[in-house]
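# Results of the structural survey
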Amino acid sequence: MTQSTTTAGRRPAEAGAGQPARAGRAETVRFAATHALPELVRGFVTRRPHMTRPWPALARPHWSAATLRAMRARHGGAPVLVRGLSGTLLVILDPQDLHQFYSAPPGSREGRREIDDAVLASGTAVHPSGAPFLSVIAEEARQLTAHGTLRLARARHAVARAGRRMVLGDAAADDEELTGWLRRLHGGRTRAVRELSDEAAARIGQYAADAEPHTLIGRARRHADSTGQARHWLQAMDSVPATLLRTLLLLAAHPAEQDVAAAEARAADAASGELPRLRACVRESLRLYPVVPDLIRVTRAETEWRGVRHPAGTAVLLPVLFHQRDPEHMPAAHVFVPGRWSSQGARQDVRMAPFSHGAGRCPGDQLGLLVVSAFCAEVLRGHRVRDGRPALDPMGPLPVALDPRGIRLGLVRR
């Protein structure tokens, strides 16, 4: 995938044959202020939910999008080298370079990937343990509709209980201490964190010994590092409550779409867990509000991008949120359109990557869709979601950021 480095829109000083496009000083400062720093703070706040004060002032993804669009126009769409907070990044700005990014090996995790593919049943629409998992979700979802309103704290509690039961078994249902440990482990490398990691591993090992065969840890018993992987599976459940609330908030703002989803949830075949319309709603929610807004891969060998060679070890940044919300290349970029996921080839469209693509595709994508859509179905089966806060314009454009801590949903019986 190459083309001449003399591209329309590139300034003559940057158009030397074989020379990479580089961000100027002003571009670098703007990129750091509107993209790199806010993402750093976002990750910090995500790991420490009580640290909220610095986030609202920096949570302006439309500033980042404006910066990236300006860089794309100035450099003719070519990948641009930008000095980031932790080194130089090659930033992918044009959709035509997305295929090359996703075709590259994501990293050396072949052993873990094998375990994940087998245990999570990668690529299978309904997990082999789908029936017991759906039963667990139905039981835990009752607390979501026990009151007239639904907020993040209740969603996190219900999903965490369900996650512990699905991964480790019913004996772990009430182990909130383990969940608290795992949330504190994100990104820490101190001695205290290492000791906490050892305690969590020991606790998981205790549950693994007696876990039911249908649980993820039960299915992973024949693998050597199943305890370590179980920790990652539990941590992955932390992204479910936010996606659940955002999807329900979007459905509250689109009553007709909500009625279709509720009818699907009440249908006789809903017990299978396939729920294609609700899954489309979840995918669209993740297109609008991805769990991971940026992907970074480090090249293993010298790589050519548009006729320019970059050495092995180059950090390549793909701003996923930017591409999924790019009005220049994505129809109705800022509007909730679940129907786009029913079109042929939508799941292979590299502009939309709620679970990534290629070898780096999330092996738990189908299981994640099953969990979120099943929780949505349990809420919608007997209740209408309305009076969502913040209020959303059903015709768009939807806000670029949607903090789940500020979401409030009203529930009334159908």
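Nothing here was measured: the structure is a model prediction, and the numbers come from that model.

### Some remarks on the overall build of the protein chain
- Across its full length, the protein chain carries 16 helices and ten strands.
- In the protein chain, which comprises 414 residues, the proportion classed as buried is 50%.
- Considering only residue pairs separated by 6 or more positions, the protein chain has 73% of its internal contacts joining residues 24 or more positions apart.
- For the protein chain, the accessible area works out to roughly 18800 Å², and carbon and sulfur atoms hold 54% of it.

### Section: the sheet that holds strand 1 (residues 21–22)
- Pairing is mixed in the open sheet, where five strands are placed in the order 1-2-3-8-5. Edge positions in the sheet fall to strand 1 and strand 5 (294–298), since each of these pairs with one other strand and no more.
- Strand direction decides the pairing type here: strand 3 (residues 87–91) and strand 8 (residues 315–319), joined by three bridges, are parallel. Counted as the bridge partner of L89 is A315 from strand 8.

### With respect to the side chain of R246
- Counting through the fold element by element, R246 comes out in helix 12 (residues 240–252).
- In this structure R246 is buried but unpaired, with D403 as the nearest side chain of opposite charge at 5.9 Å.
- When sequence neighbours within four positions are dropped, the list of residues in contact with R246 reads S285, Y289, L402, P404 and I407.

### Section: unusual backbone geometry
- Cis rather than trans, the peptide bond between R389 and P390 has omega equal to 5 degrees.
- With respect to the helices and strands, P390 occurs in the loop between strand 9 (383–389) and strand 10 (408–413).
- Residue P397 is reached from G396 by a cis peptide bond, and omega for that bond is -5 degrees.
- Structurally, P397 is set in the loop between strand 9 and strand 10.
- Despite not being glycine, R306 has its phi angle at roughly 55 degrees, a positive value.
- The residue R306 is located in the loop between strand 6 (303–305) and strand 7 (308–310) in this model.
- For R306, a relative accessible area of 4% translates into the label buried.
- Its identity is not glycine, yet A332 carries a phi of approximately 50 degrees, on the positive side.

### Here's the deal with the packing of helix 7 (residues 152–168) against helix 16 (residues 365–382)
- Two elements in contact, helix 7 and helix 16, have axes separated by 12 Å at closest approach and are oriented at 135 degrees. One element, helix 7, and the other, helix 16, form an angle in the oblique class. In terms of crossing hand, the pair formed by helix 7 and helix 16 is right-handed. Along its contact with helix 7, which presents A158, V159, A162 and M166, the element helix 16 presents L367, V371 and F375.
- Residues of the contact of helix 7 with helix 16, tallied by class, amount to seven nonpolar, no polar and no charged.

### Digging into the pattern of salt bridges
- This structure, assessed with the given rule, holds 26 salt bridges.
- Between R165 and E140 there is a salt bridge, with its nearest N and O atoms 2.8 Å apart. You can see R165 sitting in helix 7 and its partner E140 sitting in helix 6 (residues 130–141), a full 25 residues away along the chain.
- Here R165 falls in the buried class, since its relative accessible area comes to 10%.

### Details of the packing of aromatic side chains
- Across all of its chains, the model carries one aromatic pair by this definition.
- Relative to Y102, the ring of F101 lies with its centre 5.4 Å away and its plane at 85 degrees, an arrangement referred to as edge-to-face.
- The buried category is assigned to Y102, whose relative accessible area is 4%.

### Details of the pairing of strand 10
- Pairing analysis gives two bridges linking strand 4 (residues 149–150) to strand 10, with the strands arranged antiparallel. Residue pairing for strand 10: T149 is matched across the bridge by G410.
- As paired elements, strand 9 and strand 10 share five bridges and run antiparallel to each other. Among the inter-strand pairings, R386 is bridged to a residue of strand 10, identified as G410.

### Here's the deal with the confidence of the model for the protein chain
- When the pLDDT values of the protein chain are averaged, the result is 88; 88% of them are 70 or greater.
- Every residue in residues 1–16 scores below 50 in pLDDT, and together they form 34 contacts with partners more than four places removed in sequence or on other chains.
- Across residues 44–59, where pLDDT falls below 50, the model places 19 contacts with residues more than four positions away in sequence or in other chains.

### Quick notes on the environment of L68
- Looking at where L68 falls in the secondary structure, it is placed in helix 3 (residues 61–74).
- The buried category is assigned to L68, whose relative accessible area is 1%.

### What to know about empty space enclosed by the protein
- Counted by the stated rule, this structure contains three cavities of 30 Å³ or more.
- Here the largest cavity defines a volume of roughly 120 Å³.
- Every residue lining the largest cavity is counted, 13 residues in all, and those nearest its centre are A160, T179, L234, M237 and D238.
- With five residues, helix 7 is the largest single contributor of residues to the lining of the largest cavity.

What counts and what doesn't
- Residues numbered from 1 in each chain as written.
- Predicted model: local features only at pLDDT ≥ 70, side-chain atom pairs only at ≥ 80, totals over all residues.
- Heavy atoms only, no water.
- Helix = DSSP H or I, 4+ residues; strand = E, 2+ residues; numbered from the N terminus.
- Buried < 20%, exposed > 50% of the residue type's maximum accessible area, 1.4 Å probe, protein only.
- Contact = heavy atoms within 4.5 Å.
- Areas by Shrake-Rupley, 256 points an atom, 1.4 Å probe, with all protein chains shown as cover.
- Pairing = 2+ DSSP bridges.
- Lys, Arg positive; Asp, Glu negative; His and termini not counted.
- Salt bridge = Lys/Arg side-chain N within 4 Å of Asp/Glu carboxyl O.
- Axes fitted to C-alpha atoms, helices over the stretch in contact; angles between N-to-C directions.
- Parallel < 35°, antiparallel > 145°, perpendicular 65-115°, else oblique.
- Left-handed = near helix turned anticlockwise from the far one by under 90°.
- Nonpolar A, V, L, I, M, F, W, Y, C, P; charged D, E, K, R; others polar.
- Phe/Tyr/Trp six-rings, centres within 6.5 Å; stacked < 30°, edge-to-face > 60°.
- pLDDT = per-residue confidence, 0-100.
- 1 Å grid on protein atoms, 1.4 Å probe; cavity = no way out; pocket = protein on both sides within 12 Å on 5 of 7 lines; lining within 4 Å.
- Points joined across faces, edges and corners; volume = space filled by probe spheres on them.

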